[in-house]
Amino acid sequence: MTRLSSDWRRSHYTKEINENNADEEVTIMGWVHEIRDLGGIIFVLIRDRDGLIQLTAPTKHIDPEVLEDVKKLRKESVIGLKGTVQESGKAPNGVEIIPTEIKIFSLANQPLPMDPTEKVKAEIDTRLDSRFLDLRKSSVSSIFKIKSKMLHTVREFFEKNGFLEVNTPKLVASATEGGTELFPITYFEKEAFLGQSPQLYKQMMMSAGFDKVYEIAQIFRAEEHDTLRHLNEAISIDMEASFMDDVDVMKILNDLVQEVIINVKQDCKEELKTLEVDLEIPEGHFEVLKYDDAVDMINSKDVPMEWGEDLSRAAEKALGDMMDGYYFLTEWPTEIKPFYVMPNEKDPIKSHAFDLMYKNLEISSGAMRVHQHELLREKIAEKGLNPDAFGSYLKSFEYGMPPHSGWGLGADRFNMTLTGLENIRETVLFPRDRRRLTP
Ligand code: AMO
């Protein structure tokens, strides 16, 4: 097996080679996708990130040393190939490569732990156990190409709207979203936690005068339950903006979701085709459904729900059957939302919190925040938490805190809505759930 020498560099990706390159010398790098040895002629399909190309070796007409190398190839080995492009009606892209030199960089052991050519379907656990092989499938890599486009669009969107990208700590001293979902860790002689959300920090950035910030980062949730939409480590797209209310930031979320869908639809055509997804661009404002009305609708479907309860899975499903696409759920009861959520001034049992749903899946939640120091202290205490444990957060409210609002959008869940996938594990490279910490 060979090392990469300086005279071997890719000249083309496979998808860049077509009839126009006929008679050209090319160098490609990739994996052996398939081998068909017909005796007098050997066909090898070579795969790189975005496509396939056929190597054709007529055994009598090529250099014997090259033929030796072709015969050594095994499925999924990594090779470099120099050769001449020829037109070929039967091959993918209408071209084949007649090899002049082959470098075998890494031979793959056989049998493979799973088949990366999509011919044999494997269970999700088998796939995740050999995720590096699973990710070689175009149906799987397409998910991550779409995710990459989504994240890129999110950054572009925020930058063009005057937001600053920030990075806040993930090793933290206290809970933000509720105490039970925390992962405790040993931090020298103290107990600390993995951050559930950048919530407190993004709010402190408002006091810092940063005006509009966003962060794309890991959140850690010690979710006990094993569902198709919860992981213990997820990516959250968070934003916070000063001098804005819940309606203002819902508009930002609405615009962002639309822009992502437009870009994915335009730039990920191949990937959407591979995934058999016909992405629809939602037009205008997403529907706004008040919590009160949602409760009535859910009850009308014989799913019992009391006012003041969070949505059970059955309730989400019932609602998802009645609502199509993306919609906001607003005016949530204050009681079931975190301490930082602003109660309605006239009717304080209701709040300025909202969720963005896609059918039966919650993909984002946000709110106008409490920016008044005394009220915030009270609300922390009401939740049974000790305000003194929030000292450095509360301090930022005592010396000039603007009114502000924001939201957190689950990147993995959002990606599920773009790719039509039911299981969040599919949309995360190396998912972390109740049973899985490797690879
Ligand atoms: P929340 O807890 O609703 O709100 O989280 C925001 C969004 O993050 C995603 N999410 C998850 N995704 C996968 N697995 C999980 N265990 C998981 N938990 C959350 C969801 C969810 O809608 N601080 C607030 C946001 C804010 O008000 O700005 C918060 O964290 O898509």
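Description of the structure in this document. In this convention, every chain numbers its residues from 1, walking through the sequence in written order. Confidence filtering applies because this is a predicted model: local features only for residues at pLDDT of at least 70, side-chain atom pairs given and counted only at 80 or more, and all residues used for totals across whole chains, interfaces and linings. Side-chain descriptors were evaluated using all non-hydrogen atoms of the structure, hydrogens and water having been removed beforehand.

1. Some words on the sheet that holds strand β4 (residues 78-87)
Worth spelling out the cut-off: Think of it this way: DSSP has to see at least two bridges between two strands before they count as a pair. Helix and strand definitions here come from DSSP, where helices need a minimum of 4 consecutive H or I residues and strands a minimum of 2 consecutive E residues; each element is numbered from the N-terminal end. Every axis in this analysis is a line fitted to C-alpha atoms, fitted for helices over the stretch in contact. Angles between the N-to-C directions lie between 0 and 180 degrees.
Sheet architecture is closed into a barrel: five strands sit in the order β1-β2-β3-β5-β4, paired in mixed fashion. Taken over all neighbouring pairs, the strand axes of this sheet differ in orientation by 50° on average, direction set aside. Bridge count between strand β1 (residues 25-37) and β4: seven bridges; the pairing is antiparallel. Across the sheet, Thr27 pairs through a bridge with Lys82, a residue of β4.

2. What to know about the pairing of strand β15 (residues 361-368)
Short version of the rule: Each residue is placed in one exposure class: buried if its accessible area under a 1.4 Å probe, protein chains only, is under 20% of its type's maximum, exposed if it is over 50%, and partly exposed if it falls in between.
β15 sits mainly inside the fold: six of its eight residues count as buried. In terms of strand pairing, strand β14 (residues 353-358) meets β15 through six bridges, oriented antiparallel. Following the sheet pairing, Ala353 is matched in β15 by Ala367. Counting the residues that bridge the hairpin from β14 to β15 gives two residues, and of these Lys359 lies at a positive phi of roughly 50°.

3. Quick look at the side chain of Thr14
Condition: Polar contact is the term for a pair of N or O atoms within 3.5 Å; when the atoms are in protein, one must be able to donate a hydrogen and the other to accept it, and sequence-neighboring residues count only if both atoms are side-chain atoms. Residue contacts are defined here by distance: any two heavy atoms, one from each residue, within 4.5 Å place the two residues in contact.
When you line up the elements, Thr14 lands in the segment before β1. Within the structure, the side chain of Thr14 is placed 3.5 Å from the backbone nitrogen of Leu52, a separation counted as a polar contact. Once residues within four sequence positions are removed from consideration, Thr14 is found in contact with Ile28, Ile46, Asp48, Gly51, Leu52, Ile53 and Asn93.

4. Brief notes about the sheet that holds strand β9 (residues 190-194)
Taken in spatial order, the three strands of this open sheet run β7-β9-β8, and their pairing is antiparallel. The sheet is open, and its two edges are formed by β7 (171-172) and β8 (183-187), each paired on a single side.

Shape is all these values report; function is a separate question.
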